[in-house]
Amino acid sequence: MALMIGNNGMMRTTRGGDPWPFAVILPTLISLVLMAFDARLLHWYMIPVTVCGMLIAPDVVNWAARRLDTFDPRALVGLFGFHFFYLAPILHVMLDYWPRFIEPLPDWKAGLGAMAVLNVLGLAVYRVVLNLRVPSTRSPRIARKLNDRVFVQLGWLAFAVGLAGFIAVIIHFGGLSGYVSAAADDRDSFIGYGWLLLIGESFPLVGFVVAVVRFRVALTGRPAALSALFLVFAITQFAVGGLRGSRSNTIWPLLIGLIVVHLAVRPVTRRALAAMGISFLVFMYAYGVYKSAGSEILFATRGATSVTELGDETGRTMPTMLLGDLGRSDIQAVLLHHEQAGYAPLSYGLTYVGAAAFMIPDASRPEWMHDKVQAGTDMLMGAGAFDSGWRSSRIYGLAGEALLNFGPAGSVASFAVLAAVVRTARRRYLGARLSRESGVAVMSGIAGVIVILALGSDLDNLLWYLVKIALPLITVVFFSRRTHHASPRDPARVPPSPPGPVRDELTGRHRRASVTSAV
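Residues numbered from 1 in each chain as written. Predicted model: local features only at pLDDT ≥ 70, side-chain atom pairs only at ≥ 80, totals over all residues. Heavy atoms only, no water.

Examining the overall build of the protein chain
Reasoning step 1: Looking only at helices and strands, the protein chain features 21 helices and 6 strands.
Reasoning step 2: When the 519 residues of the protein chain are sorted by exposure, 53% land in the buried category.
Reasoning step 3: For the protein chain, restricting intrachain contacts to residue pairs at least 6 apart in sequence, the fraction spanning at least 24 positions comes to 76%.
Reasoning step 4: When the accessible surface of the protein chain is split by element, carbon and sulfur atoms take 65% of a total near 23,200 Å². (Helix = DSSP H or I, 4+ residues; strand = E, 2+ residues; numbered from the N terminus. Buried < 20%, exposed > 50% of the residue type's maximum accessible area, 1.4 Å probe, protein only. Contact = heavy atoms within 4.5 Å. Areas by Shrake-Rupley, 256 points an atom, 1.4 Å probe, with all protein chains shown as cover.)

A closer look at the pattern of salt bridges
Reasoning step 1: What the rule picks out here adds up to 9 salt bridges.
Reasoning step 2: Ionic contacts of the salt-bridge type, sharing partners, join the residues Asp59, Arg74 and Arg127 into one network. (Salt bridge = Lys/Arg side-chain N within 4 Å of Asp/Glu carboxyl O.)

Observations regarding the confidence of the model for the protein chain
Reasoning step 1: Per-chain confidence: the protein chain averages 82 in pLDDT, with 77% of residues scoring 70 or above.
Reasoning step 2: Taken together, the stretch residues 293–304 has pLDDT below 50 and engages in 20 contacts with residues farther than four places along the chain or on a different chain. (pLDDT = per-residue confidence, 0-100.)

Some details on the packing of aromatic side chains
Reasoning step 1: Summed over all chains, the structure comprises 14 aromatic pairs.
Reasoning step 2: Relative to phenylalanine 203, the ring of phenylalanine 159 lies with its centre 5.6 Å away and its plane at 75 degrees, an arrangement referred to as edge-to-face. One end of the pair, phenylalanine 159, is in helix H5 (residues 148–172); the other, phenylalanine 203, is in helix H8 (residues 203–214), with 44 residues separating them in the sequence.
Reasoning step 3: Lying over the aromatic face of tryptophan 63, arginine 270 brings its terminal NZ or CZ to 5.0 Å of the ring centre.
Reasoning step 4: Looking at arginine 391, its charged tip hangs above the ring of phenylalanine 386, at a distance of 3.7 Å from the centre. (Phe/Tyr/Trp six-rings, centres within 6.5 Å; stacked < 30°, edge-to-face > 60°. Lys NZ or Arg CZ within 6 Å of the ring centre and 35° of its normal.)

Side note on the side chain of asparagine 405
Reasoning step 1: Of note, asparagine 405 is situated in helix H19 (residues 397–435).
Reasoning step 2: In this view, asparagine 405 contacts Leu346, Ser347, Tyr348, Gly349, Leu350, Thr351 and Tyr352; residues no more than four positions away in its chain are not counted.

Comments concerning the packing of helix H3 (residues 73–95) against H19
Reasoning step 1: Where H3 contacts H19, the two axes come as close as 8 Å, and the packing angle between them is 145 degrees. Where H3 abuts H19, its residues Pro73, Arg74, Val77 and Phe85 lie against Phe415, Leu418, Val422, Ala425, Arg426 and Tyr429.
Reasoning step 2: Residue composition of the contact of H3 with H19, grouped by class: 8 nonpolar, no polar and 2 charged. (Axes fitted to C-alpha atoms, helices over the stretch in contact; angles between N-to-C directions. Nonpolar A, V, L, I, M, F, W, Y, C, P; charged D, E, K, R; others polar.)

So, H8
Reasoning step 1: Taking 1.5 Å of rise per residue, 12 residues should cover 16 Å, and H8 covers 16 Å from first to last C-alpha, within 8% of that figure.
Reasoning step 2: Among the 12 residues in H8, 11 count as buried, and that is most of the element.
Reasoning step 3: Regarding H8, the residues found buried are Phe203, Pro204, Leu205, Val206, Gly207, Phe208, Val209, Val210, Ala211, Val212 and Val213. (Expected span 1.5 Å × (residues − 1).)

Quick look at the nonpolar core
Reasoning step 1: Judged by nonpolar contacts, the single largest core of 115 residues is most densely connected at Phe71, Tyr126, Phe151, Val209, Trp252, Ile256 and Tyr465.
Reasoning step 2: When near neighbours in sequence (up to four residues on either side) are disregarded, tyrosine 465 contacts Trp252, Ile256, Gly445, Ile446, Val449, Ile450, Leu453 and Ala470.
Reasoning step 3: The next biggest cluster of nonpolar side chains, apart from the first, holds 10 residues, and it includes Phe166, Ala182, Phe203 and Val240. (Core = buried A, V, L, I, M, F, W, Y, C linked by side-chain atoms within 4.5 Å.)

So this is what it looks like as structure tokens:
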């Protein structure tokens, strides 16, 4: 049995097929076709890379067959992971794209293959932990549910505070034109305004979510109004959070907004999601050029040059986006090779400690507390490179940062952490689909981004997301909760149950769907 979403937004049951035959056949066929067209792929590294594709593909197959919901955390990791673990290592060889400013490996394909072997072991651990059956527990009779009225009131207050903070930033830079000019060509001028920017750039997401919760009933039957509201949100979010060159300030809030709409108002179709995904890729490419070229991109809009030419000049090409921004295969292969060659000692967890202390000024940190910049620089360039003045601020991903700290064994074990994060996020997500409770929907939107960042980013990136983008919403949700006493005799307080038993995919058992989800 598998969970499906009916037209009324409730869970229903349907008998699903086994995804594994398709999961094995699909990567195998792709690999064989690509090897037939490109002789450079005729290398042993394609074996573990293809196995990685097989291990991550079941969730892609289930999502395509509608056995997983549109934004199910398991599906999000599967869709991103299929590129991350399978397509990216192949594209590196086909496009001959490798990291800049790093001494190349003696054999890039062998390096990718060695890392793919670790990923095979890690993905096996991921699948085992993800599918563990745990003893079922009864739903708590007392939960903390969102008080929508208080949420809307506090949300509008947070929106007003954020808007006031953004206006203060604009005034500091001498008006809107001065702000836009600094955002495009003088981003260092924003140094020292971190907390003010954190507050000021929060209002578009907070305002959108509050509007969705406040008018959710009216928006349910008005898809055009909902689309217009989302478009206004997207434009505002780009103007407020994206002009300074950070794509994450635009993409992650939009993804949170989409998930909240999907869970609290009306389902987002896969067709609409695919169209938005293509739009996001175009945005990431063009905005990557803008991040490096600044106001020079205006010449492209005037026809004096092209975005492609600017991309070549700045190094922000399409392969850079697909493999540098959305992949970590090359840099993880370098880390593994250098760790095995003894370039630098392992950090044994110090990069995680340094990430957790990112709010502490550098001058106040103890000497023993170093972050991934120091550890990564030494591992990439040799012990002592950091003390000599070199700096590398690359992102290594979940397995890469674990490799930096604990070696190959830590890299494999990190997939168990990923599985635990996905299980937790998924339990909340399924609860939101059952209950339609707005507070769980908001937290599920935040968790949807977390599962993607957990795979492709480092701990400091994840913590920065929580503080910079998610903290204002989390704060409003936290102070809007109320104690809820679930009772079978109180139908107004217990979410309606779909007919028949629903299979809890986390426990493997069937249960009735009348649950009270905690925020």
